[in-house]
Amino acid sequence: MNIKHGRQVVIYTDGACRGNPGPGGWGALLIFGEHEKELSGGERETTNNRMELRATIEALSALTKTCDIELYTDSTYVKNGIQVWLGKWKTNNWKTAKKKPVKNRALWEELDDLSSRHRVSWHWVKGHAGDPGNERADALANRGIDQQ
């Protein structure tokens, strides 16, 4: 998918896990005008939070140019992490407010780097509530599990 600078892209992401930890999958739906791209993958032993992060990372990695992005996730972990906690973690040398190491630090660093290349508006959407984009991302995440 070739995206031109300043173009609007809508992204829906989701992660899933059967057992937590357990086999997991991630899915992303990218929409650019009339064009759509579906992405999915998975890991044999992972967590739901890691798959939520991976879905977002893979979606942003698929973009070849700087974009204006409306990104929808049903993960408060991803949304709060990127919008609320990330700056504090970096200031505190990747420690939480309780002075514990931040879980999934490498994924957060990757997401931070990728999101800084774009203009991303982060949106939370309730999962399994009939939102068509979220339902498709969920199906892709489950496909990612099934392919393991």
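These numbers were taken from a predicted model, which means no experiment stands behind them.

Chemist: Would you explain the overall build of the protein in this entry?
Modeler: When helices and strands are counted, the protein shows four helices and five strands. Secondary structure elements of the protein, listed N to C terminal, follow the sequence β-β-β-α-β-α-α-β-α. For 148 residues, the compact-globule estimate of 2.2 N^0.38 gives 15 Å, and the protein sits close to it at 15 Å. With the principal axes as the frame, the protein shows a C-alpha extent of 45 × 35 × 25 Å. Residue burial in the protein is summarised as follows: out of 148 residues, 45% are buried. Contacts in the protein between residues at least 24 apart in sequence constitute 68% of all its contacts with a sequence separation of at least 6. For the protein, the accessible surface area stands at approximately 7800 Å², while carbon and sulfur atoms represent 46% of it. Separation between the mean location of the 22 positive side-chain charges and that of the 19 negative ones in the protein comes to 8 Å.

Chemist: I tried to follow the sheet that holds strand 4 (residues 67–73) on my own but got confused; where do I start?
Modeler: Sheet strands pair via backbone hydrogen bonds, and the direction of the pair is either parallel or antiparallel. With respect to topology, five strands assemble into an open sheet ordered 3-2-1-4-5, the strand pairing being mixed. Only two strands of the sheet have a single neighbouring strand rather than two, namely strand 3 (35–46) and strand 5 (119–124). For this sheet the average axis-to-axis angle between neighbouring strands, irrespective of direction, equals 20 degrees. Bridge count between strand 1 (residues 7–17) and strand 4: seven bridges; the pairing is parallel. Within the sheet, the bridge partner assigned to tyrosine 12 lies in strand 4 and is tyrosine 72. Contacts from helix 4 (residues 132–146) reach strand 1, strand 2 (22–32) and strand 3, with the element oriented near 140 degrees to strand 2.

Chemist: I would appreciate a short explanation of helix 2 (residues 76–91) in the present structure.
Modeler: Counting along an α-helix, one turn takes 3.6 residues, and residues three or four places apart therefore face a common direction. Between its first and last C-alpha, helix 2 extends 21 Å over 16 residues, near the 22 Å set by a 1.5 Å rise per residue. The largest bend in helix 2 comes to about 60 degrees, at tryptophan 85. Within helix 2 the residues assigned to the buried category are Tyr77, Val78, Lys79, Gly81, Ile82, Leu86 and Trp89. Positive phi appears at asparagine 93, one or two residues downstream of helix 2, with a value of about 55 degrees.

Each value, and the rule that gives it
Residues numbered from 1 in each chain as written. Predicted model: local features only at pLDDT ≥ 70, side-chain atom pairs only at ≥ 80, totals over all residues. Heavy atoms only, no water. Helix = DSSP H or I, 4+ residues; strand = E, 2+ residues; numbered from the N terminus. Rg over C-alpha atoms; globule rule 2.2 N^0.38 Å. Buried < 20%, exposed > 50% of the residue type's maximum accessible area, 1.4 Å probe, protein only. Contact = heavy atoms within 4.5 Å. Areas by Shrake-Rupley, 256 points an atom, 1.4 Å probe, with all protein chains shown as cover. Lys, Arg positive; Asp, Glu negative; His and termini not counted. Charge placed at Lys NZ, Arg CZ, Asp CG, Glu CD. Pairing = 2+ DSSP bridges. Axes fitted to C-alpha atoms, helices over the stretch in contact; angles between N-to-C directions. Expected span 1.5 Å × (residues − 1). Bend = angle between axes of the 7 residues up to and from the residue.

No statement about biological role is implied by the geometric values presented.
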